[in-house]
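Residue strings, one per chain:
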Amino acid sequence: MSHNHVHIHKHEVEGKNLVFSIILNLLITAAQVVGGLVSGSLALISDALHNFSDVISLVFSYVAHKLSRRKASINNTFGYKRAELIAAFVNAFTLILVAVFLGYEAVGRFFNPQPIKSGLVIWLALLGIVANGVSVLLLKKDADHNLNMKSAYLHLLTDMMASVAVLVGGLLMKFFGWFWVDSVLTLLISIYLIYVGYDLLISSTKMLMLFTPEEIDIKEIVREVHKIKGVGKLHHIHVWHLNEEELHLEAHLDCSEDIKMSEFNDLLHQVEIVLFDKFGINHINIQPEFKKEDPKDFIVQD
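Numbering of residues starts from 1 in every chain and runs along the sequence as written. Residues qualify for local features only when their pLDDT is at least 70, as the model is predicted, and side-chain atom pairs are given and counted only at 80 or more; totals for whole chains, interfaces and linings, by contrast, use all residues. Hydrogen atoms and water are omitted, and side-chain values are computed over all heavy atoms in the structure.

## Concerning unusual backbone geometry
Here leucine 210, not a glycine, exhibits a phi torsion of approximately 60°, which is positive. In DSSP terms, a helix is any run of H or I states spanning at least four residues, a strand is any run of E spanning at least two, and both are numbered starting from the N terminus. With respect to the secondary-structure elements, leucine 210 resides in the loop between helix H6 (181-208) and helix H7 (218-225). Here the phi dihedral of lysine 291 falls at roughly 55°; this positive angle occurs in a residue that is not glycine. Relative to the helices and strands, lysine 291 is located in the segment after strand E4 (283-289). On the accessibility criterion, lysine 291 (65% relative accessible area) is exposed. Between buried and exposed lies partly exposed: a residue is buried under 20% and exposed over 50% of the maximum accessible area for its type, with that area taken using a 1.4 Å probe on protein chains only.

This is how it looks when you write it as structure tokens:
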């Protein structure tokens, strides 16, 4: 059985940006909890809870980021490369849980609005906007290249937007006395959290379950490989993401002739070029065969 890695240039994710974001969010959380209790604002407390979930998620993301950089060993042949996928899944799941809890609390408060010290709400909302805005800018570039960082980035981005909503609510309460706005904004924040968390949850789940990536067409892979001279049939195919940087293919390759291993090496090289250039598959594991009696379907359930 032959296998090959195709080395590609990758964006280097900065873990130190996560550390800075964790410190900022701890400060925001503490300030908003105190401010929410003093002012009586559910929206501010909900923002604080979201911030606290951010802290946990960011810590989890940082640990996963460090683990994913560890080298493979005899006991961990893939290393910890999937740690960041697990972090992304947990972060998305907690994002949705927090949203459901906030939505439930908001509905209850809507039917029983309470006076709120809007001045304190306004100043703490401004603090949240600035601090989360800085964190969002720090993680923006990394989020475009890494699902784990994207999960942390989304936590911070939604928290910044939540702080904007709290600020608007604080102004409306201060100048118009609309205390019910606090509950409405909390409910809107929770709906938005579910919206952004769902997509991330589905993406990370598919990768953890080793689903074929959506951009990959198995039939198209077969058609392209079958154009290569010497290929009989590509079958027993599996394609999956180990992590966001490594796209793997495992398959059996039935050769059209009984060739020498040196000739198969040349054939394999041609297959590798096609799979990488056309489909971005950078780790290929091929089992060579010649007239072997086994299932020849593209997908074989073991």
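Additional details are given in the paragraphs that follow.
## A closer look at the pairing of strand E3 (residues 247-255)
For E3, the tally of buried residues reaches eight of nine residues, placing the bulk of the element in the interior. Bridging between strand E2 (residues 231-241) and E3 involves eight bridges; their strand directions are antiparallel. Residue pairing across strands places histidine 238 opposite glutamate 250, the latter belonging to E3. In this description, strands pair whenever DSSP reports at least two bridges between them. Counting the residues that bridge the hairpin from E2 to E3 gives five residues. Taken together, the seven bridges between E3 and E4 define a ladder with parallel strand orientation. Bridge assignment links leucine 249 to a residue of E4, and that residue is isoleucine 284. For crossovers, right-handed means that the path from the first strand over the helix to the second runs clockwise, given strands pointing away from the viewer. This β-α-β element, E3 to helix H8 (residues 261-279) to E4, shows right-handed connectivity.

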